[in-house]
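# Secondary and tertiary structure notes
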Amino acid sequence: MKTVDREQRSFGKNFAERNMGDKMIPVDFTVLLQNIRAEYKDKRTVYGVPVKFIDKKKSYKNEYMDIELPFGPAAGPHTQMAQNIAAAYAGGARFFELKTVQILDGESMHINKPCISVPDECYNIEWSTELTIEQAFAEYVKAYFLLKFMAVEFGMGRIDGFSFNMSVGYDLQGIKSDKVNRFIDNMKDAGRTETYKYCYAQLKNELSTCELFSAANLADIDTNIADSITVSTMHGCPAGEIEKIAGYLLTEKELPVYIKLNPTLNGLAETQKLLTNKGYGYIKLIEGNFRDDLKLPEAVDMLANLLAQAEKLGRFFGVKLTNTLPVLVDRKQLPDEQMYLSGKPLFLLSLAVADKLANIFGERLPISFSGGLDGHNIAPMLEAGIYPLTMATVLLQGKGYGYFTEYADIIGKVQKNANRPQKNKINILLKNSLADTYYEKKRSGHKKNDIGLPMLNCKNCQLCIKVCPNRANIMLEAGEKRQIIHIDAFCNECGNCATFCPYAGKPYRAKFTIYNSPAAFATSENSGMVWLNGECKIRLNTTIRHEDDIAYKNLLAAVQAKYMAVKVYE
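Quick caveat, the model's predicted, so the values are computed rather than measured.

## Regarding the overall build of the protein
Secondary structure summary: the protein contains 21 helices and 21 strands in total. For 570 residues, the compact-globule estimate of 2.2 N^0.38 gives 25 Å, and the C-alpha radius of gyration of the protein, at 23 Å, lies within 12% of that figure. Along the first, second and third principal axes, the C-alpha atoms of the protein reach 70 × 55 × 45 Å. Out of the 570 residues in the protein, the part that is buried amounts to 61%.

In structure tokens form, the structure reads like this:
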């Protein structure tokens, strides 16, 4: 559920006036495939993420899916581009809640940048995909084929051991529009689409060079890209409207459906008390959202009606807990009037909603969860019968996608008890979590020094690489040293790398940048290069120190010799 009708607001610069650097450029499927194969052969990584091999006998089932592990990235920055999804799969993720699509897309979107801030808890001003719906669909199809290929060729798991969950919003009229309706239908059966046919043909062309992936594997790839759907609606959306949307998807689209509920179901007083008790009392809540949003009694009646409808149809229905919590921007955290809270405080708020619903519905109502999950809580959540589990905030910190590998090991040790919510275990987990000091506010901000971020020879802590959801910063072997370079087409200037960089600078501005087109090159001021008419055009807007002269020459030679980082845009 989102709070504002952004068609009625025009925060941010006009799309045409924005820096090309904040616009992501999709990559051709063939190039993605070639890059992944080359990187895996060389380093056993995929877009910088070490490959995790999953036991093919692992199985987490419900009425519509059978996957190897019941977790993955939430609808957000980690499921917007094909390379993001491939990186998550490499780490061990097997359930993918794809970035939300809606009738407003592409150049109609107005998202201020930076759009992510992670001082400890996380804030964002994103909402649905920044791509057009057609581009988003293409990214999901490309990712689907990449994962099928990686599963077999790299031996990473079962070819059918993962699940894509599409996410749509924000009202019935928009979801029934030709654009969104076509997206849903194509995600259910992509076989007739040009994107599917193209990926199929390109993968077929690669068969002679594959060791394990065969023509039989290719022929067995289903045309069903996503086997379930999540509904996201605006804050203040009436219960009747939400019920109509879910009913439409259950009956007309014949899909397993999740409704994403909001943490405001806890009420203003309980929410404020919980945040204050854990040291987050400084967060400014928006009282109007609690007044206008769905109330618990309304939600209970709506869910009972939809459960009855789904049971009559013999179809799956569940809830996703929860959406982010809208709060006020009061200290210039992000360039907007309000922002969306996630992370540890959202875990407690979402778990409180899960406890309320489990007490009422018991095992009858399946619960998926996405609020503030990490290695501290995923095991007890699964033991309480809550899954699939999706996450975003933790992936924007520290090890980034690398956390998936750790969490896969944690989940592998969990003794599965049930695939439906266990109200007694949820109640105990909530009580323990509310008393757990882990969820208390620990720090404010990240340590930075006063030294500007150099283009060359920084500390190479690699934080900017790890925390980037789009894989826009990469390490390149350049002579005797390794240098970090920036990939313009992968970057939407979310700002997350700047938050974690220990220098007083922004990697997406300071690092040598590879551009996909002369237009992108011309509208940026970064030092960098672009290929124009077969020649390399270079811009240098900083002074190279004498002691860095050799490093700079080695960097240029490495970039041109290892043209993969540039070639991804052709």
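## Observations regarding the pairing of strand β20 (residues 528–532)
As judged from the two bridges shared by strand β19 (residues 513–514) and β20, these two strands associate in the parallel manner. Paired with T513 across the strands is G528, a residue of β20. Of the pairings in the sheet, the one linking β20 to strand β21 (residues 535–539) comprises five bridges and is antiparallel in character. Bridge pairing in β21 places W531 opposite C536. Between β20 and β21, which pair antiparallel one after the other, the connecting turn spans two residues, and N533 there sits at a positive phi close to 55 degrees.

## Considerations on the sheet that holds strand β14 (residues 338–342)
Spatially, β7-β8-β14-β13 is the arrangement adopted by the four strands of the open sheet, whose pairing is antiparallel. Of all strands in the sheet, those with a lone pairing partner are β7 (116–117) and β13 (325–328), marking the two edges. As paired strands, β13 and β14 are joined by four bridges and run antiparallel to one another. Across the sheet, P326 pairs through a bridge with Y340, a residue of β14.

So, how was this worked out
- Residues numbered from 1 in each chain as written.
- Predicted model: local features only at pLDDT ≥ 70, side-chain atom pairs only at ≥ 80, totals over all residues.
- Heavy atoms only, no water.
- Helix = DSSP H or I, 4+ residues; strand = E, 2+ residues; numbered from the N terminus.
- Rg over C-alpha atoms; globule rule 2.2 N^0.38 Å.
- Buried < 20%, exposed > 50% of the residue type's maximum accessible area, 1.4 Å probe, protein only.
- Pairing = 2+ DSSP bridges.

As far as function goes, none of this settles anything; it's purely spatial.
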